[in-house]
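Here is how the chains run, residue by residue.
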Amino acid sequence: MKTKTVPTQPFTDQRPGTSGLRKKVSHFQQEHYLENFVQAIFDTQSDLGGGTLVLGGDGRYHNRTAIQVILKMAAANCLSEVIVGQGGLLSTPAASCVIRKYKTQGGIILSASHNPGGPDADFGIKFNAPNGGPAPEGMTEAIYKRTLEMQQYQISEAPNVDLESIGNHSVGDMLVRVIDPVDDYAELMQELFDFDAIHSMFNAGTFRMHFDAMHAITGPYASRILEQMLGAPQGTVINGTPLEDFGGGHPDPNLAHAHEIVELTTGFEPVDFAAASDGDGDRNMVLGKNFYVNPSDSLAIMAANAHHLPGYRMGIAGIARSMPTSQAADRVAEAMGIECYETPTGWKFFGNLLDAGKITICGEESFGTGSDHVREKDGLWAVLFWLNLLAFKRQSVRKIVEGHWRRFGRNYYTRYDYEGIDTNDANGLMEHLQNSLASLPGTEFGQFVIQYADNFSYTDPVDGSLSQNQGIRIGFSNGSRMVFRLSGTGTEGATLRLYLELFEPDPAKQLQQTSDVIAPLVAIAQEVAEIRQRTGRDKPSVIT
Ligand code: VG1
Ligand code: CO
């Protein structure tokens, strides 16, 4: 095999964000752009030389091209083996599962997750460590530093690999093992959940559900597991064929973008249960009949009920939630006498806690929940968790959630996203908040009195690493809270996220409209952050 050394120049914009490097496809198509980043991974992860890499993506436009490039670079960088999902497909949680199961030296996942796909949309790449989880900050910083000094990369001149045929292939001396992308993941799910109980629930014929794969990666996984293994009727999975542009949609499972599945839970003959996942299969939205489960509540409910399910029968060691996620999980942890850790946004911060056995269940408000079974959030896992819980409790989704509120209190919660605002305006708003922190405590807005205001920083309890500047928190004496932060996954301008939360312990007041309850906090947020004046926006672009 001939190997080429290609001269290149550094790009200065390859610092990974919340979850890898995400840019427009056209940006990735610049000569050497992808190659530089991949070479930086190989240069900094010395165990990959002579080792095994897992490779796959969510099937979006540019996935196949990128996979062929990475395979040739892997061979030229002396890897001994690459495990690839058939067709270049692997959901993010499945990639994590495969990395762990075959004890590889890491994985490269090609995805921009919930961002739209297609020639004019987004692409992304991230490295996952040998524990199966997203590279921690120290690692992503090392990769970024390396990109800044990149002068050359290695690539083999071998022909493309046939990604369609399962089995062994090669690029020069390197083995390329094309695997079924679903098999290992499906096997793991069988170990965690009571498939017989779920099967019986479908068999009884009275329980109806739909799953919306949003033309993204979870189609093949959901069809195999829900329809073939668990006996759900054919057609349970909708939009199940992965498309390079996700059918022109926005594969983000929330009330704004996944309206097709929401409509199946409302209106004429609503189904009992519905769910959707995102572009790369790590997010989930869960719905009952005429009922939406807030992701923060979902995390708390999972933590409170995990011990009912086979994979978690021994109980859970602890819980973690990202900082902006509601404090519903904290109340469960308190009741169970276990720890609830508050981490910065992004799954990479859960890795150490999971590895150290400090937590079993973790999640984020952004439709992400997961456990120690892999090191990524896991959309279909969450759906199976809920299905198993429904089969066990024989109650509706609404009953389960309302019962949880009665027991633990309800954390009313909502998130406002102001997308595509001017970067300078966004930075100005955050700076203004930062400068107000000292003067805010004690300020009264009607019954709301600010108790604390800070910029969240996190010291990892396992390795002591410090992550600063992770978002502005403003807490009130009645337990309410608001959080401001800028997104680290967007590819256009800036996105301001405002997270609002109000705690209601009184069961008689737990069944109100979230928007009504949260309204006073919206007004306070506007006043404190001067959102309208600084961004020119009267209202958010997305409310979840
Ligand atoms: C968003 C979410 C965050 C999530 C991240 C990756 O990040 O808020 O909770 O971990 O996306 O999810 P940000 O920086 O835009 O707020 V995924 O499914 O896009 O990999
Ligand atoms: Co995702």
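Residues numbered from 1 in each chain as written. Chains lettered and ligands numbered in written order. Predicted model: local features only at pLDDT ≥ 70, side-chain atom pairs only at ≥ 80, totals over all residues. Heavy atoms only, no water.

### Let's talk about the overall build of the protein
- Looking only at helices and strands, one finds 17 helices and 27 strands in the protein.
- The C-alpha radius of gyration of the protein comes to 23 Å, within 12% of the 24 Å expected for a compact globule of 544 residues.
- When its C-alpha atoms are laid out on the principal axes, the protein stretches across 70 × 60 × 40 Å.
- The burial tally for the protein puts 60% of its 544 residues in the buried class.
- Taking the intrachain contacts of the protein between residues at least 6 apart in sequence as the baseline, contacts between residues at least 24 apart amount to 72%. (Helix = DSSP H or I, 4+ residues; strand = E, 2+ residues; numbered from the N terminus. Rg over C-alpha atoms; globule rule 2.2 N^0.38 Å. Buried < 20%, exposed > 50% of the residue type's maximum accessible area, 1.4 Å probe, protein only. Contact = heavy atoms within 4.5 Å.)

### Considerations on the domain arrangement of the protein
- In terms of domains, the protein is made up of domain 1 (3-181), domain 2 (185-408) and domain 3 (410-543).
- The gap between the C-alpha centroids of domain 1 and domain 3 is 35 Å.
- Opposite the 10 residues of domain 1 that make contact, domain 3 presents seven residues.
- Both sides together, the interface formed by domain 1 and domain 3 hides about 610 Å², and carbon and sulfur atoms give 39% of it.
- Counting across the domain 1 and domain 3 interface gives one salt bridge.
- Across the pair Glu492 and Lys24 runs a salt bridge whose closest N-O atoms are separated by 3.2 Å.
- For the pair domain 1 and domain 3, the number of links is four residue pairs in polar contact (both at pLDDT 80 or more).
- Ranked by the residues each element gives to the side of domain 1 that touches domain 3, the list is headed by strand S2 (residues 21-24), at three residues.
- Here the side of domain 1 that touches domain 3 is built from residues that sort into no nonpolar, five polar and five charged. (Domains from an automatic or database assignment. Buried area = accessible area lost by both parts, 1.4 Å probe. Salt bridge = Lys/Arg side-chain N within 4 Å of Asp/Glu carboxyl O. Polar contact = N/O pair within 3.5 Å; in protein donor to acceptor, adjacent residues only side chain to side chain. Nonpolar A, V, L, I, M, F, W, Y, C, P; charged D, E, K, R; others polar.)

### Details of the packing of helix H8 (residues 218-229) against helix H13 (residues 379-393)
- As a packed pair, H8 and H13 sit with axes 11 Å apart at the nearest point and diverge in direction by 20 degrees. If you check the angle between H8 and H13, you find them roughly parallel. Considering only the axes of H8 and H13, their crossing is right-handed. Here H8 contributes Tyr221, Ala222, Ile225 and Leu226 to the contact with H13, which in turn contributes Leu380, Leu384 and Leu387. (Axes fitted to C-alpha atoms, helices over the stretch in contact; angles between N-to-C directions. Parallel < 35°, antiparallel > 145°, perpendicular 65-115°, else oblique. Left-handed = near helix turned anticlockwise from the far one by under 90°.)

### Some points on the sheet that holds strand S16 (residues 339-343)
- As summarised here, the arrangement of the four strands in space is S16-S15-S17-S18, forming an open sheet in which the pairing is mixed. Taken across any chain shown, the strands that pair with only one partner, and hence form the sheet edges, are S16 and strand S18 (368-371). For this sheet, the mean inter-axis angle between neighbouring strands, taken without regard to orientation, is 15 degrees.
- As judged from the three bridges shared by strand S15 (residues 318-322) and strand S17 (residues 361-364), these two strands associate in the parallel manner. The residue of S17 that forms the bridge with Ile319 is Ile361. (Pairing = 2+ DSSP bridges.)

### So, the environment of Val54
- Within the secondary structure, Val54 sits in strand S3 (residues 52-57).
- Through-space distance from the C-alpha of Val54 to that of His114 is 21 Å; in sequence the pair is 60 residues apart.

### Some words on the site of ligand 1
- In the vicinity of ligand 1 there are 20 residues, among which Thr18, Ser113, Ser366, Thr489 and Arg497 approach most closely.
- The side chain of Asp282 places a nitrogen or oxygen atom 2.9 Å from an oxygen atom of ligand 1.
- At a separation of 2.6 Å, an oxygen atom of ligand 1 approaches a polar side-chain atom of Ser487.
- The class makeup of the residues in the shell around ligand 1 is no nonpolar, 10 polar and 10 charged. (Near = heavy atom within 4 Å.)

### What about the nonpolar core?
- Within the largest apolar cluster, 74 residues are counted, with the highest numbers of intra-cluster contacts made by Trp381 and Leu387.
- It is H13 that contributes the most residues to this core, 11 residues altogether.
- Among the domains, domain 1 (3-181) and domain 2 (185-408) are the pair contributing at least three residues each to this core. (Core = buried A, V, L, I, M, F, W, Y, C linked by side-chain atoms within 4.5 Å.)

### Description of helix H7 (residues 195-203)
- Of all the positions in H7, only Phe195, Ile198, Met201 and Phe202 are classed as buried. Seen along its axis, H7 keeps its buried residues to an arc of 125 degrees; they face one direction. Exposed and facing more than 90 degrees away from the buried side of H7 are Asp196 and Asn203.
- Buried positions along H7 lie against helix H6 (183-192), strand S10 (209-212), H8 and H13.
- The first or second residue beyond H7 is Gly205, which carries a positive phi of 85 degrees. (Arc of directions from axis to C-beta.)

### A few points about the pairing of S15
- Taking burial as the measure, the five residues of S15 include five buried ones, the bulk of the element.
- Side chains of S15 alternate between two faces, with Gly318, Ala320 and Ser322 and Ile319 and Arg321 buried alike.
- The parallel pair S15 and S16, bridged by helix H11 (residues 328-336), forms a crossover whose chirality is right-handed. (Right-handed = clockwise from strand over helix to strand, strands pointing away.)

### Considering the sheet that holds strand S12 (residues 273-277)
- Strand order in the open sheet formed by five strands is S11-S10-S12-S13-S14, and the pairing between neighbours is mixed. Of all strands in the sheet, those with a lone pairing partner are strand S11 (237-238) and strand S14 (291-293), marking the two edges.
- Inspection of the sheet shows S12 paired to strand S13 (residues 284-288) by five bridges, in the antiparallel sense. Residue pairing across strands places Ala276 opposite Met285, the latter belonging to S13.
- Sitting on the sheet, H13 is in contact with S10, S12, S13 and S14, with an inclination near 165 degrees to S12.

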